[in-house]
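So you can see what is in the structure, the chains are spelled out below.
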Amino acid sequence: MSPRATAKSARLFRAEHAQWRADREAKGWVFHEDLHLEGRLPLTRGRLFRVRGLRGWFKFDHARTAPDGQIEVHCFGPCNKAGVYTRNHYRTFNADRVVRVARKVLPPSRLSIN
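None of the values given here were measured: they were computed from a predicted structure.

Participant: Quick question: what am I supposed to make of the pairing of strand E5 (residues 85–94) here?
Facilitator: Within a regular beta strand, the side chains point alternately toward one face of the sheet and then the other, so they alternate between its two faces. With 7 bridges joining them, strand E4 (residues 71–79) and E5 adopt antiparallel strand pairing. Among the inter-strand pairings, Cys75 is bridged to a residue of E5, identified as Arg91. Linkage of E4 to E5, two consecutive antiparallel strands, is achieved through a turn of 5 residues, within which Gly83 is found at a positive phi near 95°.

Take a look at the structure:
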């Protein structure tokens, strides 16, 4: 595939995603780059955290609040404490399932697939 076709499809994807996000925001969704949970360190992009009922650590990506007030946490994982993925999945959890937040924040270069 030529680089031009790839660039064109990337532009179309970004435009579709921007439209999707604008539609969601019009319906009352709120998107968060970081999340402050009561009694815990703030979740910022790349910070590791544990989820109740699951093994391993997860890397925070972003969060969003639904119109009914429920907070969803979007993340990658599970991974080990060093940030190396054991299985690479994009997961979504309710914010009330976050049990523990690590002090460690991984640098942006470690956020990609290992």
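Participant: Is there a simple way to explain the environment of Val30 in this structure?
Facilitator: Checked against the element boundaries, Val30 lands in strand E1 (residues 30–32). Sequence spacing of Val30 and Pro67 is 37 residues, and the spatial spacing of their C-alpha atoms is 8.0 Å. Those residues in contact with Val30 that sit more than four places away from it in its chain are Ala63, Arg64 and Thr65.

Participant: Please explain the pattern of salt bridges as it appears in this structure.
Facilitator: Within this structure, the stated rule accounts for 3 salt bridges. In this structure, Glu25 engages Arg21 in a salt bridge whose closest nitrogen and oxygen atoms are separated by 3.3 Å. With Glu25 and Arg21 both in helix H1 (residues 3–26), this residue pair falls 4 residues apart, about one helical turn. A salt bridge links Glu72 to Arg64, with the shortest nitrogen-to-oxygen separation between them at 2.7 Å.

Participant: Mind showing me how you'd approach the nonpolar core here?
Facilitator: Nonpolar side chains in soluble globular proteins generally cluster together in the buried interior. Among the nonpolar cores identified, the biggest contains 14 residues, and Leu35, Leu43, Phe49, Phe60, Val73 and Val98 are the most heavily contacted of them. Looking at this core, the elements that each hand over two or more residues are strand E2 (47–51), strand E3 (57–65), E4 and strand E6 (98–105). Sorting elements by how many residues they give to this core places E3 first, with 3 residues. Residues in contact with Leu35, not counting those within four places in the same chain, are Pro42, Leu43, Phe60, Ala63, Ile71, Val73 and Ala95.

What counts as what
- Residues numbered from 1 in each chain as written.
- Predicted model: local features only at pLDDT ≥ 70, side-chain atom pairs only at ≥ 80, totals over all residues.
- Heavy atoms only, no water.
- Pairing = 2+ DSSP bridges.
- Helix = DSSP H or I, 4+ residues; strand = E, 2+ residues; numbered from the N terminus.
- Contact = heavy atoms within 4.5 Å.
- Salt bridge = Lys/Arg side-chain N within 4 Å of Asp/Glu carboxyl O.
- Core = buried A, V, L, I, M, F, W, Y, C linked by side-chain atoms within 4.5 Å.
- Buried < 20%, exposed > 50% of the residue type's maximum accessible area, 1.4 Å probe, protein only.

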